[in-house]
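# Fold and contact review
Listed below are the residues making up each chain.
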Number of protein chains: 2
Amino acid sequence: MKEVEFYFDVGSPAAYLAWTQLPRIAQETGASLVFRPMLLGGVFQATGNHSPMQVPAKGRYVMADLERFAHRYGVAFRHNPFFPINTLALMRGAIGLQMRDEARMAPYADAVFRAIWVEGLDMGEPQVVGAVLQRAGFDPQALFALASEPEVKERLKAATQEAVARGVFGAPTFFVGSQMYWGQDRLDFVKEALQ
Amino acid sequence: MKEVEFYFDVGSPAAYLAWTQLPRIAQETGASLVFRPMLLGGVFQATGNHSPMQVPAKGRYVMADLERFAHRYGVAFRHNPFFPINTLALMRGAIGLQMRDEARMAPYADAVFRAIWVEGLDMGEPQVVGAVLQRAGFDPQALFALASEPEVKERLKAATQEAVARGVFGAPTFFVGSQMYWGQDRLDFVKEALQ
């Protein structure tokens, strides 16, 4: 069975753009999509990498570049005015769902990605998160409780360390077998590898 | 008249890969290729950016990524064992030729790019540079003399500052009008902009 692994953090605009394309690519190539939630801040800390936004000229370019890809893909995208967002609770929620109710990972990721990168909401605010989750058919209180379970917290830490051990240094990152691809702009290579 | 501006430093493997494709793209789209030699180290210093090689996990990935593109393009490419090379004298030579004998810029860039990124030579060594230039039909002593003229040194500094002022933070960078594109992996966007 062909698989594509998707290492992501909902705070990455490039991961959002990948998310708008990857399910279709998986479907077209008959591959299953394996979610690999991780904390991008932890990956940066462990690898010595950092956000392109930390270099002002690069940050400005990267936003224009993402807009070009959004236009090419024909998808909605806007820069989040609250960027960078602390995604710790959101990614704990993602990995908690993966542990307990895996079928709901995709709708969760979709709701959160869109809240941040289409609607421009402040998803660092629990009240905003609660409203977004409720609207998407989740029980916010149950998800908040799940995200604060020690086992869930530990699992996100471990998943982030596993990502780094495999060579991940940024988001999104894809694996097809042992081949690693970094960036939403490498989805053409991912598709080729799956074909 | 359509133009594509090519900001480059011969020490950048991605700039080499761009060089293997850009003349054809310019020809196919009826655009003229404008060389913009710059010193990448100076760009990094001015912008706070740095080589991806400084993050070990990223450096390893970037090399694999460049090899994938070389394979896709069907061009020779190997990592230079003497990387990073101090390209100050080489880029002074490039901009000196542009000032005095512009028609010879392209053969010079081609000879130097190939010596570094196909043959894996130590182009930080004047003797090696001399042999490569001689083989390519240049007078090495005349070029070394040109590269050490104060006016040429100043021109490279000014060109690098101009690049930074336009928003350049890495190599290769292309401009089509006011639109900036960074990376050999954006040549498809460059081609679209020229069409």
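Up top you'll find the structure we're talking about.
Residues numbered from 1 in each chain as written. Chains lettered and ligands numbered in written order. Predicted model: local features only at pLDDT ≥ 70, side-chain atom pairs only at ≥ 80, totals over all residues. Heavy atoms only, no water.

## A word on the relation of the copies chain A and chain B
Condition: Residues reaching a pLDDT of at least 70 in both copies supply the C-alpha atoms on which the copies are superposed by least squares. Contact definition: two residues touch when any of their heavy atoms are within 4.5 Å.
For the pair chain A and chain B, the relating rotation is 180°, the translation along its axis is 0.0 Å, and the fit reaches an RMSD of 0.0 Å. Taken together, the rotation and translation describe the operation of a two-fold axis. Considering only C-alpha atoms, the part of chain A nearest the rotation axis is D185 of chain A, at 4.2 Å. Comparing contact sets, 100% of the residues at the interface of chain A also lie at the interface in chain B, consistent with an isologous, same-surface contact.

## Some points on the side chain of R92 of chain B
All names here are of chain B. Cut-off, in case you're wondering: In this description a helix means any DSSP run of H or I spanning at least four residues, a strand means any run of E spanning at least two, and both kinds are numbered starting from the N terminus. Only protein chains enter the calculation, and the probe is 1.4 Å; a residue is then buried if its accessible area is under 20% of its type maximum, exposed if over 50%, and partly exposed in between. The charged-residue count follows a simple rule in which Lys and Arg add positive charge and Asp and Glu add negative charge, with His and chain termini not counted at all. Whenever Lys or Arg places a side-chain nitrogen within 4 Å of a carboxyl oxygen from Asp or Glu, that contact is recorded as a salt bridge.
Tracing the backbone shows R92 in helix α4 (residues 88-100). Salt bridges are absent for the buried R92, whose nearest opposite-charge side chain, E154, sits at 7.7 Å. Once you skip the residues sitting within four places of it in the chain, R92 turns out to touch A147, V152, K153 and L156.

## Here we look at the sheet that holds strand β4 (residues 179-182) of chain A
All names here are of chain A. In plain terms, the rule: Two strands pair under a simple rule: DSSP has to find at least two bridges between them. The angle between two axes is taken between their N-to-C directions and runs from 0 to 180 degrees, where each axis is a line fitted to C-alpha atoms and a helix contributes only its stretch in contact.
The strand order across the open sheet built from 4 strands is β2-β1-β3-β4, with neighbouring strands paired in mixed fashion. Single-partner strands in this sheet number two, and they are β2 (32-37) and β4. On average, each strand axis in the sheet is inclined to that of its neighbour by 20°, with strand direction left out of account. Each of β1 (3-8), β2, β3 (173-176) and β4 touches helix α8 (residues 150-166); the most contacted strand, β1, lies at about 115° to it.

## Re the environment of G177 of chain B
For G177 of chain B, the location among the structural elements is in the loop between β3 (173-176) and β4 (179-182). Distance from G177 of chain B to V4 of chain B, taken between C-alpha atoms, is 7.7 Å for residues 173 residues apart in sequence.

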